[in-house]
Amino acid sequence: MAAKRRILIAGNWKMNGLKKDARSLAGALGTKMSKLKAKPQSKPEFEMLVCPPAALLGPVVDAVKGKGIAVGGQDCHANEAGAHTGDTSAALLKSMGCKYAIVGHSERRTDHGETDAMVKAKAEAAHKAGLSAIVCIGETLKQREAGRAKSTNKKQLAGSLPAGATAKNTVIAYEPVWAIGTGKVATPEQAQEVHALIRAELAKAIGEAEAAKMRILYGGSMKPGNAAELLALPDVDGGLIGGAALTVADFWGIAQAV
Ligand code: PEP
């Protein structure tokens, strides 16, 4: 029997928003979640997560307290503490009230030269601090057009997967780079093909039972209009959402598609 995995709807706010925007977006989502939870016999079938910029973690944690929305960091350093100006440790994220840390987003891989080995070390630091790591992988358009989508994702997964990964402490996000912020979405066939490959590779790395339970998110121009089709795919267990996570209507619209 196929494992039942709880859908994760995760918003990556990237470097967007000021304190007032963060408060108002998180507050409005919190109100919607509270109303949903208050309905008789209604346990949301999805988990909601918001990942604001590091400086806005405090106000966002406060705004969603008790509302059933998790908060996460967009990155963490591989070291526990020390001389790393501008960086954020996983322990600090945890102490702020975070449950998750995104690691290896393609924008970090590109802007900060993060390698698979660095991503793996960051995910392991997240675990050590008691956070779940959302490990991002995905091919570029050039790699896809060269017929290397599968091999690229296989290699990135093997290199970025933290030691001791379990379905509880790790989530994989498949984010084709060509679909991030471009309005181009992977077709259901393209998404399912890579998600199934990831699950098969996970089975080899951590065992079939754990792989069957691990959530694999799709990321790349997910919107209310395409979410239902993507979230219905057998190996898609949620979304990592950028642009559409910045408005209540779009982000909630995606959650409603679950
Ligand atoms: C992302 O940044 O992880 C992302 C998927 O962005 P967008 O939804 O805007 O494509």
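Now for a look at the structure at hand. Worth saying up front: this structure is predicted, and the values here are computed from it rather than measured. (Residues numbered from 1 in each chain as written. Predicted model: local features only at pLDDT ≥ 70, side-chain atom pairs only at ≥ 80, totals over all residues. Heavy atoms only, no water.)

1. Details of the sheet that holds strand 5 (residues 132-137)
The strand order 1-2-3-4-5-6-7-8 describes a closed barrel built from 8 strands, whose pairing is parallel. In this sheet, neighbouring strand axes are inclined to one another by 25° on average, regardless of whether the strands run parallel or antiparallel. Note: strand 3 (residues 69-73) against strand 4 (residues 100-103), 2 bridges, orientation parallel. Across the sheet, residue Gly 72 finds its bridge partner in strand 4, namely Tyr 100. In this fold helix 1 (residues 19-38) packs onto strand 2 (46-51) and strand 3, with an angle of close to 165° to the strand it touches most, strand 2. (Pairing = 2+ DSSP bridges. Helix = DSSP H or I, 4+ residues; strand = E, 2+ residues; numbered from the N terminus. Axes fitted to C-alpha atoms, helices over the stretch in contact; angles between N-to-C directions. Contact = heavy atoms within 4.5 Å.)

2. Notes on the side chain of Asp 75
Position of Asp 75 relative to the elements: it lies in the loop between strand 3 and helix 3 (90-96). Of the polar contacts made by the side chain of Asp 75, one reaches the side chain of Arg 108; its length is 3.4 Å. Separated by 2.8 Å, the side chains of Asp 75 and Lys 122 make a polar contact. In contact with Asp 75, other than residues within four places in its own chain, are Leu 93, Ile 102, Arg 108, Glu 114 and Lys 122. (Polar contact = N/O pair within 3.5 Å; in protein donor to acceptor, adjacent residues only side chain to side chain.)

3. Here's the deal with the pairing of strand 1 (residues 7-12)
Of all 6 residues making up strand 1, 6 are buried, and the element is well covered by its neighbours. Burial of strand 1 is two-sided: the residues Ile 7, Ile 9 and Gly 11 facing one way and the residues Leu 8, Ala 10 and Asn 12 facing the other way are all buried. Here strand 1 pairs with strand 2 via 6 bridges, running parallel. Its bridge partner being in strand 2, Ile 7 is matched across the sheet by Phe 46. (Buried < 20%, exposed > 50% of the residue type's maximum accessible area, 1.4 Å probe, protein only.)

4. Remarks on the site of the ligand
With respect to spatial proximity, 14 residues lie near the ligand, and among them Lys 14, Glu 175, Gly 181, Ser 221 and Gly 243 are the closest. In the environment of the ligand, an oxygen atom lies 2.6 Å from a nitrogen or oxygen atom belonging to the backbone of Gly 181. Considering the ligand on its own, with 290 Å² of exposed area, one finds that the protein chains cover 97% of that surface. Residues belonging to the shell around the ligand are distributed by class as follows: 4 nonpolar, 8 polar and 2 charged. (Near = heavy atom within 4 Å. Areas by Shrake-Rupley, 256 points an atom, 1.4 Å probe, with all protein chains shown as cover. Nonpolar A, V, L, I, M, F, W, Y, C, P; charged D, E, K, R; others polar.)

Functional significance is not addressed by these values, which are geometric in nature.
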